[in-house]
Amino acid sequence: MMFLRLVNALNLIFLFLLVPIGVVAGTIKGYVYDVTAGAPLAGATVHLEPTGKYATSGLDGSFTINNIPEGTYTITVNYVSFKTFTIFVEINKNKSARIVAEMVPNKENRLKEIIVKGKETPGKIASVEQSASQIVNVVSSREIKISPDVTVANVVQRVPGVSIERDDVGEGEFPILRGMDKRYNYTLINGVKIPSPDRDNRYVPLDIFPSELLERLEVYKTLTPSMEGDAVGGVVNMVMKDAPDSFGVDANISTGYNDIFFNRNFMSFNHKQIKINSPYEVHVHPYNATTEDFSSGPVSYQNKRPAPDVLAGFTIGNRFLKKKLGVLLATNFQNTYKGSNGLFFESDVVDTLKGVTLTSMQKRNFSEQEFRYAVYSKIDYRLKNQNKIEWNNSFMNLTEFQIRDVKSTLLTIGGYDPSNGNAALLYDTRSRTSRQHILNSNLHGDFQLHPLLRLNWSAVYSRATNAEPDEATIILNGEQKNFIATKTTVKNAWRRWQQNTDRDLTGCLNLIYDKSIFAIPVEWRVGGLYRDKRRANFYDEYQFRPEDPYAKMGEDFNDYNQIQWILENPRGSVGTSLNYKAFEKTAAEYFQFKTSSPHFEITGGVRFENTNQGYNLDFPIGQDNPNGRQIYTDVLPSLNLKFMPQRKIVWRASYFRSINRPGFFEIVPYTIVNEDYVERGNPALKHAVADNLDLRFEAYLHPSEQFMAGVFYKHIQNPIEYILKADSIRGQDIYYTPGNFGNAENYGAEISFIKYFHKIGIKANYTYTHSRITTPKSKRIRDDDGNLKTISVEQTRPLYGQSAHIANASLLYKDMEKGWDGQLALQYTGSRINSVSQFVGNDLWQKAFIQMDASLSKNFKSGFSIFAKSNNLLNTPMIVFIKNTSFKNAQVPNQPLAGKTLINQNYYQRSYYVGIRYSL
């Protein structure tokens, strides 16, 4: 208690030091705080009678009333669930009055407030973090509402130690926790894992989730035995909205624009005419497709300014049958237009030269329409004796219509002459439709079987799908003479259909028994999980060459849909190993205990997870590995310790073992030619096992102010990384593949604090992460006979995707009396490996960057509010480079990085939104 009293005294001294010594008469300054908690109270109403003047206490509990005539006044301070505070104050000439309002809780009113309202206040969120058995960071619905972020992916980047990976148009997509790549994390809805619609991997793209559907976002950094064990970096849990205790409505609509389209048009195609199924799927086998089977919609291009973005949301809920039945329905709709302008350099390793030789310079423009909608519903019924059944359903959709338009300048062939503006060109235009869905239905029950025995269970059906129908790519030859570029003849084209489905059936059962040992209270918990996961993958591609290879743009055709084609593979490519069925059966059992005292809490136990994973190719003929299976069992112990020397101070120490399973796509022996490389699966890929240690200090000096500092260490066996490597038989063939690489280490430190000064608040966090992994790399040398030879060497580097430095800082403004909320948020992400190269020293690095976002809202007493949000105010680009140079690139333009080789650069510009909200 002595420590708390000292802190409170220092807060009071600091507050009064802010007041100038020679304050003019007629001013009352003060401070409102909770006597019991020893913490400031924000939002208390301070009345000065009989003047009728009033003020509202700020985020640090302070208030000011100015321009008061001389005289004697009565001050009353009111705050919900606290007894009214009253004091008499005399104002004299050349004097100011200072008071401290010591608020005493009204127990009766406080109880009613908690039961009836149950609102998520900053104090409640801090309490969730403080009372948790393991290390967790929480973002509340209120923080989400006033933030600049409209998707969960962008919200999660505000959490300490979290950065995000962005897509082609700069939209946040996948989280990277504590420097661990997205593959080392998993995602929950209301505490239950969901499948991923991602085409290749099991991690979930968070941009599919609108942020306003969340009650709160939880990021767990350590595990307990009752949690699934396949997380090394951490766990993202989306706690969805709950039914309110009384009738409630929240509706909003906003519009905006991305200023990239102030300077160029938005390129689109006729996506209404795309064919959902390939000719192989439509017709009876065997069938030879013709060019008549393909629609012209994907190659009917248009250039125009896009319509303004539209975003809207609606939530309604209530409780019925004497508060026993709760119902909530929430929807969200977002139709946005995004783009990027970029440069991409293709490269090659030449002879024994250092670095890479750039072979082409591509100017890439992306135009993407994102159509996002979501529906969430929840029904719960409260039975007797605290028993409860609830059923929540969520459906998330993200449809993207994207054009990638590329003009390539060939740097090593075709008479490249930059001084006179002459070069051979290639024009590559790709249209792509992507439809991602996540459906999750969770029936959950909580029952008190006995005063000392509880039971909860969940039965979950989840389905995630991704369909990319009728992707079309057309390549034209071109030339540049005297700096004037023209399209000439047709080169080739292809059409591609891809789709995948992940279906999960999950059952969970937990028994909780409260039984003391030697007068020490202990919560015993046992339970288990069974999940049956099924995956189906389909891939079909058709290749074309021009009917007239000498047909010229502007003479023989004017639009791409006028080109006449010859279909080279009329039966498509369905015979490849990209068409497969896969399964994963997971059975888990755990034992957990939790014992607590006023100063200590220990949570520990062990989890057993058995994995049965495999695949079967749809077309096994001619395949070396037509089917495969991996069966393994992991024993995963964990221990979480909490030491609370004082009520507001927490020390934590934890250890847990976790795993990372390969994705289905990674263990299938597929081969696919992508845009920049050949990719292969690896049936021999093993799962990774990690031992994790954490130590953290937490101080909760105020319900909405806190300080946290901690360190962590991870040792990973058989970490999974993607590398470029040479074929063992045909050494000149390079391909991209996943593999296991010995052991890796990852350790670091985190610090986070929140502090408020009346109407101003500061939130900041910083994470340092250091990781090391040693992998084989290729190196070209000349042997004694002068022959070119490729040898293998070992190189130590950071883990893929890990930034050594991540920092967030937010400047908050809140005027409770006038209803203003503002936020200016900055995020710094240090440099990190973007792609791992086959060759030593040639890894691709993403340059460190700072992103700035802002939001502002004004609340009215009528329940209406207006708001504005803006993203990427600094127009921060994504820049990828190699940490060396080659003299071969001396004449290549657009190479601004001294001592480095630029590989990729994308600018996304700024987005602005304004809107109106109504809450009841």
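Structural data are supplied above this passage.
Definitions and limits used
Residues numbered from 1 in each chain as written. Predicted model: local features only at pLDDT ≥ 70, side-chain atom pairs only at ≥ 80, totals over all residues. Heavy atoms only, no water. Helix = DSSP H or I, 4+ residues; strand = E, 2+ residues; numbered from the N terminus. Buried < 20%, exposed > 50% of the residue type's maximum accessible area, 1.4 Å probe, protein only. Contact = heavy atoms within 4.5 Å. Polar contact = N/O pair within 3.5 Å; in protein donor to acceptor, adjacent residues only side chain to side chain. Salt bridge = Lys/Arg side-chain N within 4 Å of Asp/Glu carboxyl O. Pairing = 2+ DSSP bridges. Axes fitted to C-alpha atoms, helices over the stretch in contact; angles between N-to-C directions. Phe/Tyr/Trp six-rings, centres within 6.5 Å; stacked < 30°, edge-to-face > 60°. 1 Å grid on protein atoms, 1.4 Å probe; cavity = no way out; pocket = protein on both sides within 12 Å on 5 of 7 lines; lining within 4 Å. Points joined across faces, edges and corners; volume = space filled by probe spheres on them. Nonpolar A, V, L, I, M, F, W, Y, C, P; charged D, E, K, R; others polar. Core = buried A, V, L, I, M, F, W, Y, C linked by side-chain atoms within 4.5 Å.

Any chance you could explain the side chain of Thr409 here in plain terms?
Position of Thr409 relative to the elements: it lies in strand S22 (residues 388-410). Overall, Thr409 belongs to the buried group, its relative accessible area being 8%. Filtering out sequence-adjacent residues up to four positions away, Thr409 remains in contact with Thr359, Ser360, Met361, Tyr416, Ala423, Ala424 and Leu425.

So what exactly am I meant to see when it comes to the side chain of Lys221 here?
In this structure, Lys221 sits in the loop between strand S14 (214-220) and strand S15 (234-240). A relative accessible area of 2% means that Lys221 is categorised as buried. Reaching out from Lys221, the side chain makes a polar contact with the backbone oxygen of Pro160 at a distance of 2.6 Å. The residues touching Lys221, leaving out its near neighbours within four places in the chain, are Ile135, Asn137, Val159, Pro160, Gly161, Arg178, Gly233, Phe656, Asp694 and Glu750.

Which parts of the structure should I look at to understand the pattern of salt bridges?
Opposite charge on two side chains permits pairing when their charged atoms draw close. By the definition in use, this model includes 54 salt bridges. Arg534 is paired through a salt bridge with Asp532; the nearest N and O atoms lie 3.1 Å apart. With a shortest N-O distance of 2.9 Å, Asp691 and Arg657 are connected by a salt bridge. Of this pair, Asp691 sits in strand S34 (residues 688-702) while Arg657 is found in strand S31 (residues 649-660), placing the two residues 34 residues apart along the sequence. For Arg657, a relative accessible area of 28% puts it in the partly exposed group. Via salt bridges that share partners, Lys193, Glu228, Asp230, Asp502, Asp504, Arg531, Lys533, Arg535, Arg607, Glu609 and Arg661 belong to a single interconnected network.

Teacher, can you tell me more about the sheet that holds strand S4 (residues 53-56) here?
Backbone hydrogen bonds are what pair the strands of a sheet, in a parallel or an antiparallel way. If you trace the four strands from one edge of the open sheet to the other, you get S4-S3-S6-S7, paired in antiparallel fashion. This sheet does not close on itself; its edge strands, each paired only once, are S4 and strand S7 (85-91). The mean angle between the axes of side-by-side strands here comes to 25 degrees, regardless of whether they run parallel or antiparallel. Both strand S3 (residues 45-49) and S4 contribute to a ladder of four bridges, which runs antiparallel. Opposite Leu48, over in S4, you have Lys53 as the bridge partner.

Before we go on, may I ask you to explain the packing of aromatic side chains in this structure?
Two descriptors summarise a pair of aromatic rings, namely the distance from one centre to the other and the angle between the planes of the rings. Evaluation of the coordinates by the stated rule reveals 22 aromatic pairs. Seen in terms of ring centroids, Phe174 and Tyr203 are 4.9 Å apart; in terms of plane orientation they differ by 80 degrees. Their pairing is edge-to-face. In this pair, Phe174 is assigned in strand S11 (residues 172-177) and Tyr203 in the loop between strand S13 (192-193) and S14, connecting sequence segments 29 residues apart. Like Tyr203, Phe174 is buried. Ring geometry for Trp651 versus Phe697: centroids 4.9 Å apart, planes at 55 degrees, classification tilted. Of the two residues, Trp651 sits in strand S31 while Phe697 sits in strand S34, which places them 46 residues apart along the sequence.

Explanation requested: the pairing of S11 in the structure shown.
Two faces, one strand: in a regular strand the side chains alternate between the faces of the sheet. Across the six residues of S11, six count as buried, placing the element largely inside the fold. Across five bridges, strand S10 (residues 162-166) lies against S11 in antiparallel orientation. When the bridges of S11 are listed, Arg166 appears paired with Gly172. Linking S10 back to S11 in an antiparallel pair, the connection comprises five residues, with Gly170 at a positive phi of about 85 degrees.

Looking at this structure, how should I read empty space enclosed by the protein?
Left-over empty space is what a probe sized like a water molecule reveals as it rolls over the atoms. Evaluation of the coordinates by the stated rule reveals nine cavities of 30 Å³ or more. Estimates place the volume of the largest cavity at around 180 Å³. Forming the walls of the largest cavity are 19 residues, and the residues nearest its centre are Tyr186, Lys193, Ile194, Arg202 and Asp230. Every element with two or more residues in the lining of the largest cavity is listed here: strand S12 (185-189), strand S26 (522-546) and strand S28 (580-596). With three residues, S12 is the single largest residue contributor to the lining of the largest cavity. A per-class count over the lining of the largest cavity returns five nonpolar, five polar and nine charged.

Is there a simple way to think about the environment of His283 in this case?
Considering the arrangement of structural elements, one finds His283 in the loop between helix H6 (279-282) and strand S18 (301-304). The class for His283 is partly exposed, based on a relative accessible area of 29%. Distance from His283 to Arg435, taken between C-alpha atoms, is 23 Å for residues 152 residues apart in sequence.

Where do I start with unusual backbone geometry in this structure?
For residues besides glycine, phi is generally negative; the peptide bonds are generally trans as well. Of note, the bond from Glu49 into Pro50 is cis; its omega dihedral lies within 30 degrees of zero at 10 degrees. Secondary-structure assignment places Pro50 in the loop between S3 and S4. Between His285 and the following residue, Pro286, the backbone shows a cis peptide bond with an omega angle of -10 degrees. Following the sequence through the fold, Pro286 ends up in the loop between H6 and S18.

Hey, could you run me through the pairing of strand S35 (residues 705-717) in this one?
Here 12 bridges tie S34 to S35, and the two strands are oriented antiparallel to one another. Pairing of Leu693 across the sheet is with Tyr713, part of S35.

Got a minute to help me understand the sheet that holds S12 in this structure?
As summarised here, the arrangement of the five strands in space is S9-S14-S15-S12-S13, forming an open sheet in which the pairing is mixed. The outermost strands of the open sheet, each flanked by one partner alone, are strand S9 (136-140) and S13. As defined by bridge partners, S12 adjoins S13 across two bridges and the pair is classed as antiparallel. Across the sheet, the residue bridging to Leu188 is Lys193, located in S13.

Is there a simple way to explain the nonpolar core in this structure?
Taken as a class, soluble globular proteins show a tendency for nonpolar side chains to be buried jointly. Counting residues in each nonpolar core, the largest one holds 48 residues, and the members touching the most others are Phe345, Leu358, Tyr580 and Ile716. With five residues, strand S47 (residues 878-882) is the single largest residue contributor to this core. In contact with Tyr580, other than residues within four places in its own chain, are Arg535, Ala536, Asn537, Asn616, Leu617, Asp618, Phe664, Phe665 and Val668. If you look at the next biggest cluster of nonpolar residues, it comprises 32 residues, including Ile164, Ile194, Ile438 and Ala464.

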